[in-house]
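The chain contents come next:
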Amino acid sequence: MKRTFSIIYRALCHFALAFTGIVLFFGKFLVDEKLDSLKAESISIFAAFSIIFGISSLVFSTRIPSALKVVLHFIINSAAFIATFGSGRPASQVLVSYALFAIIYFVVLACSVGLNKLIEKSEEKNVRVKKSDK
């Protein structure tokens with residue numbers, strides 16, 4: 001039961017982070033200073049992508065190699081991005097926005113891997129210190 005709640009919690013966190021990030025990004029850079037141009041249609045598109053992004057985090061709870069998990073997560077989210085944000089837009093605009101999505105995805109991935117390495121290194125150091133204290 002605890003594992004199920006952990007998986008649901010992870011999906012909800014990914015959804016919330018994606019939705020908040022998208023709304024803030026579009027609110028800051030792609031609309032005028034007044035947020036009145038963010039209509040319900042835009043918000044629903046943001047929510048649809050964020051729901052898929054949250055659900056795709058379930059890939060990380062499977063027992064497959066971590067590199068394959070990242071590739072699967074990226075493919076699922078790339079397809080979702082193109083499906084939700086690409087419909088009805090010129091191909092050049094979709095290509096540029098997808099490139100921006102891929103860059104942001106890999107920057108966040110690199111930061112995540114770097115932080116995990118630092119945490120592991122810190123934990124190793126703490127274990128060595130505790131063993132030497134005994």
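The text that follows walks through the structure, step by step, so that each part is easy to find. (Residues numbered from 1 in each chain as written. Predicted model: local features only at pLDDT ≥ 70, side-chain atom pairs only at ≥ 80, totals over all residues. Heavy atoms only, no water.)

1. Thoughts on the nonpolar core
Logical step 1: By size, the foremost hydrophobic cluster in this structure holds 13 residues, and its most contacted members are Ile22, Phe49, Phe74, Phe81, Phe85, Phe101 and Tyr105.
Logical step 2: Those elements that provide at least two residues to this core are helix H1 (2–30), helix H2 (40–56), helix H3 (66–85) and helix H4 (91–133).
Logical step 3: A total of 5 residues in this core trace back to one element, the largest contributor, which is H3.
Logical step 4: Once residues within four sequence positions are removed from consideration, Phe81 is found in contact with Phe49, Gly86, Ser97, Tyr98 and Phe101. (Core = buried A, V, L, I, M, F, W, Y, C linked by side-chain atoms within 4.5 Å. Buried < 20%, exposed > 50% of the residue type's maximum accessible area, 1.4 Å probe, protein only. Helix = DSSP H or I, 4+ residues; strand = E, 2+ residues; numbered from the N terminus. Contact = heavy atoms within 4.5 Å.)

2. A look at the side chain of Ser61
Logical step 1: Position of Ser61 among the secondary structure elements: in the loop between H2 and H3.
Logical step 2: A polar atom in the side chain of Ser61 sits 2.7 Å from the backbone oxygen of Leu58. (Polar contact = N/O pair within 3.5 Å; in protein donor to acceptor, adjacent residues only side chain to side chain.)

3. A short note on the packing of aromatic side chains
Logical step 1: Under the defined criterion, the tally for this structure stands at 15 aromatic pairs.
Logical step 2: Pairing Phe46 with Phe85 gives two aromatic rings, centres 6.1 Å apart and planes at 40°, and the pair type is tilted. One end of the pair, Phe46, is in helix H2; the other, Phe85, is in helix H3, and 39 residues separate them in sequence. Like Phe46, the residue Phe85 is buried in the burial classification.
Logical step 3: Judged by centre distance (5.0 Å) and plane angle (55°), the ring pair of Phe74 and Tyr105 falls under tilted. Taken together, the residues Phe74 in helix H3 and Tyr105 in helix H4 connect sequence positions 31 residues apart. Grouping residues by exposure puts Phe74 and Tyr105 together as buried. (Phe/Tyr/Trp six-rings, centres within 6.5 Å; stacked < 30°, edge-to-face > 60°.)

By themselves, these are just geometric observations and shouldn't be taken as functional.
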